[in-house]
Amino acid sequence: MRRSRLIAAAAASALAAAALTNACAPPASADTVTASQAWRVVQQYQGVWTAPPSHFGTGDTPDGPLLGNGDIGVTAGGPITNQTFYLGKNDFFSLGSHAIKPLGRIVLAVPGLSGASYRMVQDIARGQAQGTYTLGGTTLTATSWVSATSGVFVTSLSVTGSSQAATFTVQNGSGGTPTVSTSGSVLNADVSADGSGPQARVASRVIGGSQSVSGNRISVTLNPGTTYTFVAGIVSSIDNSGYQGAATGLVSALTQAGADDLAAAHRSWWQGFWQQSYVEIPDKAVEKQWYGSLYILGSTSRAGKYAPGLWGSWITGSMNWNGDYHTNYNYQAPFYAALSSNHIPLLEPYDQPVLDWQTPGQALAAQQGFTGVLYPVGLSPKGTSADMNLHNQKSNAANLASVMIMRWLYTRDTAYAQRVYPWLKQVALFWQNYLTVDGSGTYHVTNDAPQEDNPYPQTDSSLTLGLLHLLMGGLADMSAALGQDSGTRATWTNIDAHLAPFATTTVNGQTVFRETSTGAGFVNDGNDIVIQHVYPGLQVGLNSSATLQQTARNTIGQLSNAWHGGNAPPTFYAAAAAVGYDPGTILAGLRAEATQYAYPNMAIHHSGGGIEGVNVVAGGLGEMLLQSFQGDIKVFPAWPSGTSAKFGDLLARGGFLVSASRAGGTVQYIRIVSQKGGTATVTNPWGGSVQVYRNGASAGTVSGARLTLATSAGETIALAPAGTALATINAQLAQPMQTGGGSTSSSFASGFEASGPALSWSDTVDSSGGGLAGVGGLCCGLSGPEAGARTGETFHAGTGSLMYSGAAQGGSAVHAYLKVYDLGGAPLAIGSGKTLSYWIYPQSSATTPYVPAGATTSTCVAIDLIFTDGTALRDSGSTDQTGDGAHPSAQCGHLTLDAWNQVTVNLGTRNANKQINRILVGFDAPNATGGYRGYVDDLNIS
């Protein structure tokens, strides 16, 4: 979608799902240091909802929690009285319209919890979502996941308080009634993409308790003390011609022990996934988005399965642009994210729909009088298309080739090269005969629109020129490695060396690139086509001439509508980093993408396609931390000066896994693992002499602006300033990111005494740290909630304490977050081992007349922390010493009234290396009414 088109266009595998086997095998064993660091960091990050998500059936990215195994996708919305799980599957493309279709829905209803509070947490580390719903003294907990190792969707339910009636209603993709049957205790629901197929079966049952089946509905009574596990086997006719029996067989004999084993395998797969690489930076919003983006890609792409279309596996209705494989950047963009992040297996499904189109592509080229292959904008599986329009573009096949060429350059995998080489030659063949050559021997691109439907003439599109450089140079390199086509290789090399220059123009007094030499000029409409020869074309970088670099940076600066445009972000930020644009500005843009343009599920959404958004931060941050596309490895090439950062096992071209750390402005070490052997060229970040260790043994020192290191396959090379001991490097590898200076504090304590630290604020709502909703003053003409120091009232030690109070007024949002201490002048650095401790005395009607008799609302209070990255302790998933959440609402009913309760929270578990900016007292009790009051004392963080 090069240009925002009318959504009218939207109207328009031999592996069995019973066991995904190789398709869902855990990733290969990771380096133990990287594995440990990655697992430490990713566990901090979750998506949190306190109200039911509702953006479904609109043809675009849903706003609910995202679950998936690279084939089956599930998202959920609505209250617990009507919570709908939307089922999608990558292979559920209509055989008639060739558009992807929703597979089905499962509606969970617990009517007795009408009006219950809502809290949903998407745990990306473990690939699951947990909902908690509380009404009065009853709490229902539901944990959902799509098995990473089989075609089973699971929701486990448990209830405390009173028993509850629950139903699971299985529907077709549009919410209607499917064809149903039963096999023993299994409810079978058969669905179809449309009248032409494919078909699928959703076979479901409840493990635990006694269920009854009527029509398309399973009913069960949930009793306290029992776990109820709803399981649904999902198999399509694409998976298996015997899909009905296969689906039923997945769940018919499944026991709770078997479900537990499935859960253990699922968690193991996700832990292995995360252990392949990591990043750690001070900006935790951007860091979270990097992990969230990879979670989305890992949930929607898997070897041996159909590739995900525009919207991934989360298909909730008739999807925009048919949900197909859009060839003019949308399909490619999410897969770029798998390269530097070292998740190469996620690229496996990409090639098949492209290769399947070779014969139709040759026929389409022949129809137009050309050789080789010509591809339309819209592809569907198995050589089909829902939209054959070329939109005046001839670059689509070259655009598709970019992922294949990059994968080859990153991995040097000759087996992979053999697979795609014949198709790549067909792409090159088209251009060998289509390009025109002038008298100077320069090759020109004619009548190729950079944006969809640009009228001809359109000459020398910078995008196409960049893609052709990548194609011809990469193909020549591949042919040399394979020992094939030496004669044609010379032709490819000649074209690469003699393509027309990138056209320029002047905007606001600056020289910038333009989209073509004749036709479209500089266009600032939310696309970034004018800079895509930089990324993904990778033809301008920090080794390019000063003139080219400056022109590229000027172009980035003038593309004011691209930073958050409809189509630009998936490639724009990476392009900006590649040419050394101001890193502070890039990070600010990435932070806005993560905080303003992403749903709680961490899906960045713009008016373009859906899962393309995974490359906004994954690609942009990746190029800021590591570059290798111009023949040398550069660590932190586009990183703010004086700012710390750390990464492990990111992938550089040539198959080199690179780890590096920077503390403040100083690079501590570089570690390179050579997977294929060959020469690693490293830009020297120290400038002087460099200590070299090979496989743990000293190899002397080297020096120079660039370090040229011969490597053998499997060799590990460590680099650091001369004189650095290997033990020091190993210790630094194992440490969390070091701040490298700056004014921070290491502990904080307050007994709220006159001799201790004075409150920074009293009775003050933190409008940016949680705010106020549905809470007024407790009594006596008070205009709002209170949080202030008191002496001689109720205290744990000494004579001082902090009193809190307010009056809950009912409604779905009832909370008050009041700030008390400002640590912004010297933020408290958590590191990896800090603990928050405090004592709290929640009052009942027995000790204050302002709390209603029998009310426990005063217990819905907790100390909260706001970190320098804007995130909060309450949303981090942290728990106290008893396992209750650190969120104020999670403390409800878990504290003893009219007594001092100690609460301790290990901050390092979920918030390692963050810095505390403010300390708050939070009250949060959806639907609560009446007064609350209490005291806090002996607050300590150390």
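Note that the structure is predicted; figures quoted are calculated from it, not measured.

1. Here's the deal with the environment of alanine 890
In step 1: With respect to the helices and strands, alanine 890 occurs in helix H17 (residues 888-891).
In step 2: Distance from alanine 890 to glycine 908, taken between C-alpha atoms, is 19 Å for residues 18 residues apart in sequence.
In step 3: Leave out the neighbours within four places in its chain, and alanine 890 touches Asp884 and Gly885.

2. Some remarks on the pattern of salt bridges
In step 1: Inspection of every chain in the model, using the stated rule, returns 25 salt bridges.
In step 2: Close ionic contact of aspartate 123 with arginine 126 constitutes a salt bridge, the shortest N to O distance being 3.2 Å. Arginine 126 shares its class with aspartate 123; the two are buried.
In step 3: Taking the shortest distance from any N to any O, the salt bridge between glutamate 786 and arginine 790 comes out at 3.4 Å.
In step 4: When its relative accessible area of 14% is taken as the criterion, glutamate 786 is described as buried.
In step 5: Of the residues examined, arginine 790 reaches a relative accessible area of 22% and is grouped as partly exposed.
In step 6: Put simply, Asp71, Lys89, Asp91, Asp239 and Lys305 are held in one network by salt bridges that share partners.

3. Looking at the side chain of arginine 201
In step 1: For arginine 201, the position within the fold is in strand E13 (residues 199-207).
In step 2: In this structure arginine 201 comes out as buried when scored by relative accessible area, which is 9%.
In step 3: At a separation of 2.7 Å, a polar atom in the side chain of arginine 201 contacts the side chain of aspartate 190.
In step 4: Engagement of the side chain of arginine 201 in a polar contact is seen with the side chain of threonine 248, the distance being 3.1 Å.
In step 5: Apart from residues no more than four positions distant in its own chain, arginine 201 is found in contact with Ser181, Asn188, Ala189, Asp190, Gly233, Ile234, Val235, Tyr243, Gln244, Ala247 and Thr248.

4. Considerations on the sheet that holds strand E5 (residues 104-109)
In step 1: Pairing in this open sheet of seven strands is antiparallel, and the strands run E2-E3-E4-E5-E10-E15-E14 from one edge to the other. Each of the sheet's edge strands pairs with one partner strand only, and the pair in question is strand E2 (66-68) and strand E14 (211-214). The sheet shows a mean angle of 20° between the axes of neighbouring strands, taken without regard to direction.
In step 2: When E2 meets strand E3 (residues 72-77), the two strands line up antiparallel, connected through three bridges. Looking at the pairing, leucine 67 lines up with valine 74 of E3.

5. Examining the pairing of strand E11 (residues 179-183)
In step 1: Direction of pairing for E11 relative to strand E12 (residues 186-192): antiparallel, over a ladder of five bridges. Note on E12: the bridge partner recorded for threonine 179 is aspartate 190.
In step 2: The turn linking E11 back onto E12 is made up of two residues, and glycine 184 within it adopts a positive phi angle of 65°.

About the thresholds
Residues numbered from 1 in each chain as written. Predicted model: local features only at pLDDT ≥ 70, side-chain atom pairs only at ≥ 80, totals over all residues. Heavy atoms only, no water. Helix = DSSP H or I, 4+ residues; strand = E, 2+ residues; numbered from the N terminus. Contact = heavy atoms within 4.5 Å. Salt bridge = Lys/Arg side-chain N within 4 Å of Asp/Glu carboxyl O. Buried < 20%, exposed > 50% of the residue type's maximum accessible area, 1.4 Å probe, protein only. Polar contact = N/O pair within 3.5 Å; in protein donor to acceptor, adjacent residues only side chain to side chain. Pairing = 2+ DSSP bridges. Axes fitted to C-alpha atoms, helices over the stretch in contact; angles between N-to-C directions.

These values are about where atoms sit, not about what they do.
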